[in-house]
Amino acid sequence: MIVENEQQVTEDALAVMARTCDPRLREILVALVRHLHAFARDVRLTEAEFRQAAAVVAELGQRTTDSHNEVVLMAGSLGLSSLVCLQNHGAGGDAATSHSLLGPFWRMQSPAVANGGSLVRSATPGEALFVTATFVDESGRPVAGAEVDIWHASPAGLYENQDDAQADMNLRGKFITDADGRIWFRTVRMTGYPVPQDGVVGRLLHAQGRHPFRPAHLHVLAAKPGFKVLISQTYDPEDPHLDSDVQFGVTRALIGAFVRHDAPHPTDATAGAPWYSLDHTYVMERGETVLPRPPIR
Ligand SMILES: [Fe+2]
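Parameters at a glance
- Residues numbered from 1 in each chain as written.
- Predicted model: local features only at pLDDT ≥ 70, side-chain atom pairs only at ≥ 80, totals over all residues.
- Heavy atoms only, no water.
- Helix = DSSP H or I, 4+ residues; strand = E, 2+ residues; numbered from the N terminus.
- Buried < 20%, exposed > 50% of the residue type's maximum accessible area, 1.4 Å probe, protein only.
- Contact = heavy atoms within 4.5 Å.
- Areas by Shrake-Rupley, 256 points an atom, 1.4 Å probe, with all protein chains shown as cover.
- Lys, Arg positive; Asp, Glu negative; His and termini not counted.
- Charge placed at Lys NZ, Arg CZ, Asp CG, Glu CD.
- Core = buried A, V, L, I, M, F, W, Y, C linked by side-chain atoms within 4.5 Å.
- Donors = N, O, S within 2.8 Å, 3.2 Å for Na, K, Ca; no water.
- Tetrahedral: all angles 85-135°; square planar, octahedral: opposite > 155°, others 65-115°.
- Pairing = 2+ DSSP bridges.
- Axes fitted to C-alpha atoms, helices over the stretch in contact; angles between N-to-C directions.
- Phe/Tyr/Trp six-rings, centres within 6.5 Å; stacked < 30°, edge-to-face > 60°.
- Salt bridge = Lys/Arg side-chain N within 4 Å of Asp/Glu carboxyl O.
- Expected span 1.5 Å × (residues − 1).
- Polar contact = N/O pair within 3.5 Å; in protein donor to acceptor, adjacent residues only side chain to side chain.

## Some points on the overall build of the chain
Moving on, step 1. Counting its regular elements, the chain contains seven helices and 10 strands.
Moving on, step 2. Taking all 297 residues of the chain together, 44% fall into the buried category.
Moving on, step 3. Expressed as a percentage of contacts within the chain between residues at least 6 apart in sequence, the contacts between residues at least 24 apart total 71%.
Moving on, step 4. Carbon and sulfur atoms make up 57% of the accessible area of the chain, which totals about 15500 Å².
Moving on, step 5. With 26 positive and 35 negative side-chain charges, the chain shows a spacing of 3 Å between the two charge centroids.

So this is what it looks like as structure tokens:
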């Protein structure tokens, strides 16, 4: 094809995309080219800006390592991760859902922890937090025998893979739900944290005058055949950034009850005071069980 003018390049590119064999890939590529071309026209993209954009995309990849995923961080920072999550769960976005975005810090091989155990694997100063998580199906029946990965940041605001002061897999663990669909464990109360700002995402936030914080949260990934893999986060309503999460992840269904207790813990004399409890119920939706690809190792 000989491109005669600016309009025709879009028609020609769309015609080529339309010859993609796989129907779903064809649908995606046709829409991608349509929206990309419309976007370039909409903002009257200059050649310098186009080259800058290409450099940014390349840098997203170059910044991504075994322990950091700048691509996932950027997707979250643009609200795309949350949009994709919400339109795929909770009746296509019409109903509240326990599902949330995965984020860039899930590791696949969390060590097994028995119910009642602790996530603390190296000295981690902070207030004790006792969590009971209950997993039910959409009818409220317990989901027994589900594998549940838990991970969260330290009270210093760092995941163990970002922090040489923490043992490998600190504040991470894999549990199995009991006959009542429950897991329970002790950990330390997490704080909110700033997302890494030494890359493209940091420059984006700076250019927009945005703070880099995520409100304090507990990550959950629950899997059992017959159910969609439940990826969830439970947010602390006391966090000052609850309504301005840099990753757009907070929905009402994801806000937990982190309860402060000033009296001694009834069974654990080492808990000190104050200590906190979190009891939260997660709804697993029926569907295909597909584990996500871990964003880091
Ligand atoms: Fe997180």
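## Examining the nonpolar core
Nonpolar side chains in soluble globular proteins tend to be buried together.
Moving on, step 1. Within the largest apolar cluster, 25 residues are counted, with the highest numbers of intra-cluster contacts made by F135, I150, I183, F185 and L218.
Moving on, step 2. Of all the secondary structure elements, the ones that give two or more residues to this core are β1 (128-136), β2 (147-151), β4 (182-188), β7 (217-223) and β10 (275-283).
Moving on, step 3. A per-element tally of this core places β1 first, with four residues.
Moving on, step 4. By size, the runner-up hydrophobic cluster in this structure holds 12 residues, among which are L102, F105, Y159 and L221.

## A word on the coordination of the iron ion
Moving on, step 1. Coordination of the iron ion by the protein comes from Y159 (OH), Y193 (OH), H217 (NE2) and H219 (NE2), over a distance range of 1.9 to 2.1 Å.
Moving on, step 2. With four donor atoms in place around the iron ion and angles of 90 to 164° between them, the coordination shape is irregular.
Moving on, step 3. Each donor residue of the iron ion belongs to the same chain, and together they define the spacing Y-x33-Y-x23-H-x1-H. Residue Y159 is located in the loop between β2 and β3 (172-176), and its partner H219 is located in strand β7; the two are separated by 60 residues in the primary sequence. Accessibility classification places Y159 together with H219 in one group, the buried group.

## Notes on the sheet that holds strand β8 (residues 230-235)
Moving on, step 1. Across the sheet, four strands lie side by side as β3-β2-β7-β8; this open sheet has antiparallel pairing. Each edge of the sheet is formed by a strand with only one pairing partner; in this case those strands are β3 and β8. Across the sheet, the axes of successive neighbouring strands diverge by a mean angle of 20°, strand direction being ignored.
Moving on, step 2. Across six bridges, the pairing between β7 and β8 is antiparallel. Across the sheet, residue V220 finds its bridge partner in β8, namely S232.

## Some points on the packing of aromatic side chains
Moving on, step 1. The tally for this structure, following the rule as stated, stands at six aromatic pairs.
Moving on, step 2. The interplanar angle of 20° and the centroid separation of 4.2 Å between the aromatic rings of F105 and Y159 together place this pair among those described as stacked. With F105 in the loop between α6 (90-93) and β1 and Y159 in the loop between β2 and β3, the pair connects residues that are 54 residues apart, well separated along the chain.
Moving on, step 3. The exposure class assigned to F105 is buried, which follows from its relative accessible area of 4%.
Moving on, step 4. Ring plane angle 85° and centroid distance 5.6 Å describe the contact between F130 and W275, whose orientation is recorded as edge-to-face. Residue F130 is found in strand β1, and its partner W275 is found in strand β10; the two are separated by 145 residues along the sequence.

## Points about the pattern of salt bridges
Moving on, step 1. Under the counting rule described, the total for this entry stands at 20 salt bridges.
Moving on, step 2. Salt-bridge contacts for R24 lead to E27; the nearest nitrogen and oxygen are separated by 3.0 Å. Note that R24 and E27 are positioned in helix α2 (residues 23-42) at a spacing of three residues, about one turn of the helix.
Moving on, step 3. In this structure, K174 engages E147 in a salt bridge whose closest nitrogen and oxygen atoms are separated by 3.6 Å. Here K174, found in strand β3, pairs with E147, found in strand β2; they are 27 residues apart in sequence, far enough to count as distant.
Moving on, step 4. E147 gets classed as partly exposed once you look at its relative accessible area, which sits at 39%.

## Some points on helix α1 (residues 6-17)
Moving on, step 1. Compared with the 16 Å implied by 1.5 Å per residue over 12 residues, the 18 Å span of α1 between its first and last C-alpha is a close match.
Moving on, step 2. Looking at the buried side of α1, the elements it contacts are α2.
Moving on, step 3. One side-chain oxygen of the residue at the start of α1 lies 3.2 Å from the amide nitrogen of Q7, identifying that residue as N5.

## A look at the side chain of H217
Moving on, step 1. Note that H217 resides in strand β7.
Moving on, step 2. Here H219 takes part through its side chain, which lies 3.0 Å from a polar atom of the side chain of H217.
Moving on, step 3. Setting aside its immediate chain neighbours within four residues, H217 contacts H152, Y159, M190, Y193, Q233, T234 and Y235.

## As for unusual backbone geometry
Note on backbone geometry: most residues besides glycine have negative phi, and most peptide bonds are trans.
Moving on, step 1. Geometrically, the link from A273 to P274 is a cis peptide bond, its omega value of -5° lying close to zero.
Moving on, step 2. Among the secondary structure elements, P274 is positioned in the loop between β9 (258-261) and β10.
Moving on, step 3. With a phi close to 55°, A91 is a non-glycine residue in the positive phi region.
Moving on, step 4. Inspection of the secondary structure puts A91 in helix α6.
Moving on, step 5. The class of A91 is exposed, set by a relative accessible area of 59%.
Moving on, step 6. In this model, F248 sits at a positive phi of 55°, which is unusual for a non-glycine residue.
Moving on, step 7. Locating F248 in the fold gives a position in the loop between β8 and β9.
Moving on, step 8. Residue class for F248 comes out partly exposed when judged on its relative accessible area of 43%.

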